[in-house]
Amino acid sequence: ITFALLGTMASHAQTKKQPISQPLVTKIYTADPSAHVFNGKIYIYPSHDIESGIPQDDNGSHFGMKDYHIFSMDTPTGKVTDHGVALDIKDIPWAGRQLWAPDAAYKNGTYYLYFPVKDKQDIFRIGVATSKKPEGPFKAEKSPIEGAYSIDPSVFQDTDGNYYMYFGGIWGGQLQRWATGTYDENGKLKTQQEEALLPKVAKMSKDMLSFAETPKDVKIVDENGNLFLEGNNDKRFFEAAWVHKYKGKYYFSYSTGDTHFIAYAIGDNPYGPFTYKGVVLKPVEGWTNHHSIVEFKGKWYLFYHDVQLSGQTHLRNIKVTELKYNADGTIIPIDPYK
Ligand code: FUB
């Protein structure tokens, strides 16, 4: 070993980013953590990353996940329990491949697991599975949710008892194929000068298994009320929608994808419009950035992922850190590395 090499190693050690939090799960790879408080405990519904052997591309083909594990914690710093396989792709009758980021909701004694997966025609659709327990196992419905498409479902329970699903993701998430409301496999991404594609929202039916309405666009606007252009790719929606409510306001947070931020916008009702306010989470190591925000015993937490354990974009590990607000309700941006 030469002095020159030693010098390089020393400077790398100095510049290597120190994460602000450690992986919650180390035995398997996990990502896209959707956290909820059920029965006084934190339940995490993440993707379960695996080595698919499929080469990386812009459509995320290397994310070839096949099942979900659900995790619980008594406190955000407590022991993490892996409840094992909660749903396997082979038990979803209509599924083809790529079981991506899920979410969950509870209503009247039943837990609902919402998940995106490509159908046998390779079109991303959103399905639902049910269980009497938050950790599953879950049983999938026979068909996808009618009128639901693309990826990254997240279901928000409003304080009035209504539930809303937010969904969508561009590029590999195929949202660009649904720009007209029906599927068009030649649907193109917007050009830099065009208004960016928007995520979708639909109120859930009373049975939580279907939509009560045709999905609507979720408008994310700047301080002058203007929609972002595709060229505003540090602010426009890419994937990973999440909604939470804080002091009576609705916070819509999302990933900007190719610029790797978790950004957020605030609105007065679940449908928006939402006005862009800034960054929740700066880029993490790994291409994707995907999160959830949850309140537990009066404090707020950001669940997110990076690739600390593997160094590889498709083999991620979930994490948690506290999230704080300024007095005016804006979120204090989090840098995941010191
Ligand atoms: O985990 C697969 C995909 O990567 C998710 O659906 C996206 O949000 C991104 O995190």
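Residues numbered from 1 in each chain as written. Predicted model: local features only at pLDDT ≥ 70, side-chain atom pairs only at ≥ 80, totals over all residues. Heavy atoms only, no water.

Taking an unreviewed UniProt entry as the reference, the chain is identified by name as Glycoside hydrolase family 43 protein belonging to Emticicia soli. Turning to the chain, the UniProt record has this under Sequence similarities (unreviewed entry): "Belongs to the glycosyl hydrolase 43 family." (UniProt positions renumbered as here; feature names shortened; annotations may be inferred.)

**Overview of the site of the ligand**
With respect to spatial proximity, the complete set of residues near the ligand consists of Asp 32, Ser 47, Met 65, Trp 100, Ala 101, Ile 151, Asp 152, Glu 239, Thr 288, His 290 and Arg 316. At 2.5 Å, a side-chain N or O of Asp 152 approaches an oxygen atom of the ligand. Notes on the ligand: free accessible area 270 Å², of which the protein chains cover 99%. Class assignment of the residues belonging to the shell around the ligand gives a composition of 4 nonpolar, 3 polar and 4 charged. (Near = heavy atom within 4 Å. Polar contact = N/O pair within 3.5 Å; in protein donor to acceptor, adjacent residues only side chain to side chain. Areas by Shrake-Rupley, 256 points an atom, 1.4 Å probe, with all protein chains shown as cover. Nonpolar A, V, L, I, M, F, W, Y, C, P; charged D, E, K, R; others polar.)

**Notes on the side chain of Ser 131**
Its location among the elements puts Ser 131 in strand β8 (residues 124-131). A polar atom in the side chain of Ser 131 sits 3.0 Å from the backbone nitrogen of Lys 133. Beyond its immediate stretch of four places on either side in the chain, Ser 131 contacts Thr 110, Tyr 111, Gly 136, Pro 137 and Phe 138. (Helix = DSSP H or I, 4+ residues; strand = E, 2+ residues; numbered from the N terminus. Contact = heavy atoms within 4.5 Å.)

**Things to note about the pairing of strand β18 (residues 274-281)**
Within β18, 6 of the 8 residues are buried, leaving the element largely enclosed by the surrounding structure. Bridging between strand β14 (residues 220-221) and β18 involves 2 bridges; their strand directions are parallel. Following the sheet pairing, Val 221 is matched in β18 by Thr 275. In the sheet, strand β17 (residues 262-267) pairs with β18 via 5 bridges, with the strands oriented antiparallel. Note that in β18 the partner of Ala 265 across the bridge is Tyr 276. Between β17 and the antiparallel strand that follows it, β18, lie 6 residues; Gly 272 among them carries a positive phi value of about 85°. (Buried < 20%, exposed > 50% of the residue type's maximum accessible area, 1.4 Å probe, protein only. Pairing = 2+ DSSP bridges.)

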